[in-house]
Amino acid sequence: MFLNLKGQLKSLEEPLVMGILNLTEDSFYDGGRYLTEKTIIGRAKKILEDGADIIDIGAVSTRPGASEQSEEEEITSIANAILWILKEFPEANISVDTWRASVARKALDLGAAMINDISGGTFDPKMLKVVAEAKVPYCLQHCPAKPEVMQQHTHYNNLIGEMLFFLGKQIAQLKEMGINDIIIDPGFGFGKDLDQNYFLLKNLNSFTTLHLPILVGISRKSMIYKLLETDAQHALNGTSVLHAFALQNGASILRVHDVREAKECVKLFDKTFHC
């Protein structure tokens, strides 16, 4: 499998690492750290030096209970970050974490390489058209409701079955629109409780039946630090352990805060399972 990133085919034979760059003040781990040109460029430099294949930038917090930021604020934050990063690192592959079509369109016009949509195209009906016109990779996530209320929607009769139904329906729509570079994201922590998150991780290979790359975003999340009775600042070791499980169960992309450690995890996994 390959991803077409700005005309360059990126092989997924070895799992990729996507480094997180949060432009928000209230993200659960690093909120408020990257709000100026200097700090944003510094973070991008660190992500790339540590070996990330993609930088994922987001300007709206999607933690459980997060309030919604205005469209204008999101566009401004995303646009500035893309311009600053690509001026310093023109070869960087930037993914934009947004569910708004207007933000996606602006980001792609400025040189973003892909869109990472937590809603899987359900929050903004114009999103899929924007992606189809731009012919860029699209990360399709499962999320049953907007972040401020998603943890009120954790009841499923058949968690994986319902998720596969949703993803399959969206994939069919995407392909009908000519979108072929599709990544699926089970959405750990998005409308799932702690036990459901671990059930998903254990059964991650169920999603390989969709024959698409699987992105796993569990870095420093509460499913780790609550179980270990610690906090996000002390959840790196737990994150690395679960990354190994995710890779073993079919993950193709790891979305992470700690790029170097994730790259080491991928290297060790690749040696163990392909020697």
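See the structure shown above.
Residues numbered from 1 in each chain as written. Predicted model: local features only at pLDDT ≥ 70, side-chain atom pairs only at ≥ 80, totals over all residues. Heavy atoms only, no water.

1. Concerning the pairing of strand S6 (residues 114–117)
Residues in a regular strand project their side chains so that they alternate between the two faces of the sheet. Going residue by residue along S6, you find Met114 and Asn116 tucked away on one face and Ile115 and Asp117 tucked away on the opposite face as well. Where strand S5 (residues 94–97) and S6 come together, three bridges link them in parallel fashion. When the sheet's bridge partners are listed, Asp97 is paired in S6 with Asn116. Tracing the backbone out of S5, into helix H3 (residues 101–109) and back to the parallel element S6 gives a crossover that is right-handed. Judged from the three bridges that link them, S6 and strand S7 (residues 138–141) form a sheet pairing that is parallel. Its bridge partner lying in S7, Asn116 is registered against Cys139. For the segment spanning S6, helix H4 (residues 127–134) and S7, crossover handedness is right-handed. (Buried < 20%, exposed > 50% of the residue type's maximum accessible area, 1.4 Å probe, protein only. Helix = DSSP H or I, 4+ residues; strand = E, 2+ residues; numbered from the N terminus. Pairing = 2+ DSSP bridges. Right-handed = clockwise from strand over helix to strand, strands pointing away.)

2. A word on helix H6 (residues 194–202)
Taken as a whole, H6 has its buried residues at Gln196, Asn197, Leu200 and Leu201. Looking down the long axis of H6, one finds its buried residues gathered within 140° of arc, a one-sided arrangement. Opposite the buried face of H6, by more than 90 degrees, sit the exposed residues Asp195 and Lys202. As for H6, its buried residues are in contact with helix H5 (159–176), helix H7 (222–225) and helix H8 (236–248). (Arc of directions from axis to C-beta. Contact = heavy atoms within 4.5 Å.)

3. Comments concerning the environment of Glu73
Looking at the secondary structure, you find Glu73 in helix H2 (residues 71–88). Spatially, the C-alpha atom of Glu73 lies 27 Å from that of Ser222, the residues being 149 residues apart in sequence. A polar side-chain atom of Glu73 sits 3.1 Å from a polar atom in the side chain of Ser70. (Polar contact = N/O pair within 3.5 Å; in protein donor to acceptor, adjacent residues only side chain to side chain.)

4. Focus: the packing of aromatic side chains
As enumerated under the stated definition, the model contains two aromatic pairs in all. Note on Trp99 and Phe123: the rings are 5.7 Å apart at their centroids and 80° apart in plane angle, and the pair reads as edge-to-face. Taken together, the residues span a long stretch of sequence, with Trp99 in the loop between S5 and H3 and Phe123 in the loop between S6 and H4 at a distance of 24 residues. One exposure class covers both Trp99 and Phe123, and it is buried. Between Phe269 and Phe273, the aromatic rings sit 4.8 Å apart at their centres with planes inclined by 35°, giving tilted as the arrangement. In this pair, Phe269 and Phe273 both sit in helix H9 (residues 259–274), four residues apart, roughly one turn of the helix. A relative accessible area of 14% means that Phe269 is categorised as buried. (Phe/Tyr/Trp six-rings, centres within 6.5 Å; stacked < 30°, edge-to-face > 60°.)

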